[in-house]
Amino acid sequence: MSRIQFITDADGVKQSAVIPIELFNRLVESADLDEFYESIPVEAGPHDNETIPNEVVEIKYDKDVSLQAAWRIYRGMTQDDVATALKISQAAVAKMEKSQKPQKATLEKLAALYNCRPAQLILD
């Protein structure tokens, strides 16, 4: 077994040990570490069980766009396509895609257009 190195304070008192990773891994596997875990209270949200297709999530993060924009791209649409379908301007679509909390009516229209559920268009 490799030698264990110690880190001491100014008075020479051992404070920490540097051990081989294999030994560390064995110790962690055999240890009861519950004392290091802290329970964090969580309040259930209305959309906790909502799912979003992995492809939409990848578009959101790869292209650094909003969830609404990711759905639009996923469905192969441009902002002009959405504007035409909703009878609004392209600028309005761009503004909508930047909104953190779109109006319920807007979410319902987009959901119908993108063939998804309104809750899949927001992260809360």
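Calculation notes
Residues numbered from 1 in each chain as written. Predicted model: local features only at pLDDT ≥ 70, side-chain atom pairs only at ≥ 80, totals over all residues. Heavy atoms only, no water. 1 Å grid on protein atoms, 1.4 Å probe; cavity = no way out; pocket = protein on both sides within 12 Å on 5 of 7 lines; lining within 4 Å. Points joined across faces, edges and corners; volume = space filled by probe spheres on them. Nonpolar A, V, L, I, M, F, W, Y, C, P; charged D, E, K, R; others polar. Pairing = 2+ DSSP bridges. Helix = DSSP H or I, 4+ residues; strand = E, 2+ residues; numbered from the N terminus. Buried < 20%, exposed > 50% of the residue type's maximum accessible area, 1.4 Å probe, protein only. Phe/Tyr/Trp six-rings, centres within 6.5 Å; stacked < 30°, edge-to-face > 60°. Lys NZ or Arg CZ within 6 Å of the ring centre and 35° of its normal.

Student: Looking at this structure, I do not really get the layout of surface pockets. What am I missing?
Tutor: It is the rolling of a water-molecule-sized probe over the atoms that shows where space remains empty. Taken as a whole, the largest pocket spans an internal volume of roughly 150 Å³. Lining the largest pocket are K60, S66, L67, Q68, E97, K98, S99, Q100, L121, I122 and L123. Partitioning the lining of the largest pocket into residue classes produces four nonpolar, four polar and three charged.

Student: When you look at the pairing of strand 2 (residues 14-18) in this model, what are you seeing that I'm missing?
Tutor: Taken together, the four bridges between strand 1 (residues 5-8) and strand 2 define a ladder with antiparallel strand orientation. Residue pairing in the sheet places I7 in a bridge with S16 of strand 2. Hairpin connection between strand 1 and strand 2: a loop of five residues separates the two successive antiparallel strands, and G12 in this loop has a positive phi of roughly 85°.

Student: Got a minute to help me understand unusual backbone geometry in this structure?
Tutor: Excluding glycine, residues mostly carry a negative phi; peptide bonds, for their part, are mostly trans. Positive phi values are uncommon outside glycine, yet K87 reaches one of about 60°. For K87, a relative accessible area of 75% puts it in the exposed group. One non-glycine residue, N115, lies in positive phi territory at about 55°. Looking at the element boundaries, N115 is found in the segment after helix 6 (104-114).

Student: Hey, could you run me through the packing of aromatic side chains in this one?
Tutor: What describes a pair of aromatic rings is the distance from one ring centre to the other and the angle between the planes of the rings. Scanning the model with the defined rule gives one aromatic pair in all. With 5.7 Å between their ring centres and 85° between their planes, W71 and Y74 make a pair best called edge-to-face. Here Y74 and W71 lie together in helix 3 (residues 67-74), a separation of three residues that amounts to about one turn. Given a relative accessible area of 1%, W71 falls into the buried group. Sitting over the face of the ring of F6, K14 holds its NZ or CZ atom 3.9 Å from the ring centroid. For K60, the ring lying beneath its charged end belongs to Y61, and the centroid distance is 5.0 Å.

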